[in-house]
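Given next are the chains, with one letter for each unit.
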Amino acid sequence: MHCPFCRHADSRVVDSRTSDDGASIRRRRQCPACNRRFTTIETASLSVVKRSGVTEPFSREKIVTGVRKACQGRPVNEDDLAVLAQKVEESLRAGGSAELDAYEIGLAILGPLRELDEVAYLRFASVYQAFDSLEDFETAINSLRAEREERAASFGEADARTADDEPSGDVVPDQV
Ligand SMILES: [Zn+2]
């Protein structure tokens, strides 16, 4: 890369260090022309290919803006939105693809949003998945309901198991 001082076209790496979280690398560079030193920070780029074909850098802020609309009037605060955007970015990076389209990003938002707020999730999904009938809403609501019941059932089973495992003679009644 060009030297920021004299614009010389080349530079030499004199030191490289990976950041603690492993997400970036710092390089100390020296310009062979003016001998001055500078630092560069390298991170893996995540780009978004828009419908128009234009590519722009991934931005958590855009995720927050997109989801905030769906969360209007819901008990979701700015911290929740920031955490959601972070989860979305992590899952997209874990996917290993450097270029993403709107569809993939929407898909990555659905999971964490569903955990955050079911109503906001339905609103977002109705736009993203282009719901165009009551049946679409019904299907989505039924799937949320089925999952909730499944969770409740598995908690119930866990309780039952614990109760069975306890030797009954050692159980002390609550009101003694
Ligand atoms: Zn230079």
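Shown above is the structure to which this text applies.
Now for a look at the structure at hand.

Scoring rules and cut-offs
- Residues numbered from 1 in each chain as written.
- Predicted model: local features only at pLDDT ≥ 70, side-chain atom pairs only at ≥ 80, totals over all residues.
- Heavy atoms only, no water.
- Salt bridge = Lys/Arg side-chain N within 4 Å of Asp/Glu carboxyl O.
- Buried < 20%, exposed > 50% of the residue type's maximum accessible area, 1.4 Å probe, protein only.
- Helix = DSSP H or I, 4+ residues; strand = E, 2+ residues; numbered from the N terminus.
- Pairing = 2+ DSSP bridges.
- Axes fitted to C-alpha atoms, helices over the stretch in contact; angles between N-to-C directions.

Quick word on the pattern of salt bridges
Item 1. Evaluation of the coordinates by the stated rule reveals 11 salt bridges.
Item 2. Asp-15 is paired through a salt bridge with Arg-17; the nearest N and O atoms lie 3.4 Å apart.
Item 3. For Asp-15, a relative accessible area of 33% gives the class partly exposed.
Item 4. Note that Arg-148 is salt-bridged to Glu-118, the shortest N-O span being 2.4 Å. Of this pair, Arg-148 sits in helix H5 (residues 134-165) while Glu-118 sits in helix H4 (residues 118-128); the two residues are 30 residues apart in sequence, bridging distant segments of the chain.
Item 5. By sharing partners, the salt bridges in this structure join Lys-50, Glu-56 and Lys-62 into a single network.

Focus: the sheet that holds strand E3 (residues 37-43)
Item 1. Overall, antiparallel pairing links the three strands, which are arranged E1-E2-E3 in an open sheet. Looking at which strands have only one partner, the edges of the open sheet turn out to be strand E1 (12-18) and E3. Averaged over all pairs of adjacent strands, the angle between strand axes in this sheet comes to 25°, irrespective of strand direction.
Item 2. Alignment of strand E2 (residues 24-30) against E3, held across seven bridges, turns out to be antiparallel. Within the sheet, the bridge partner assigned to Ser-24 lies in E3 and is Thr-43.

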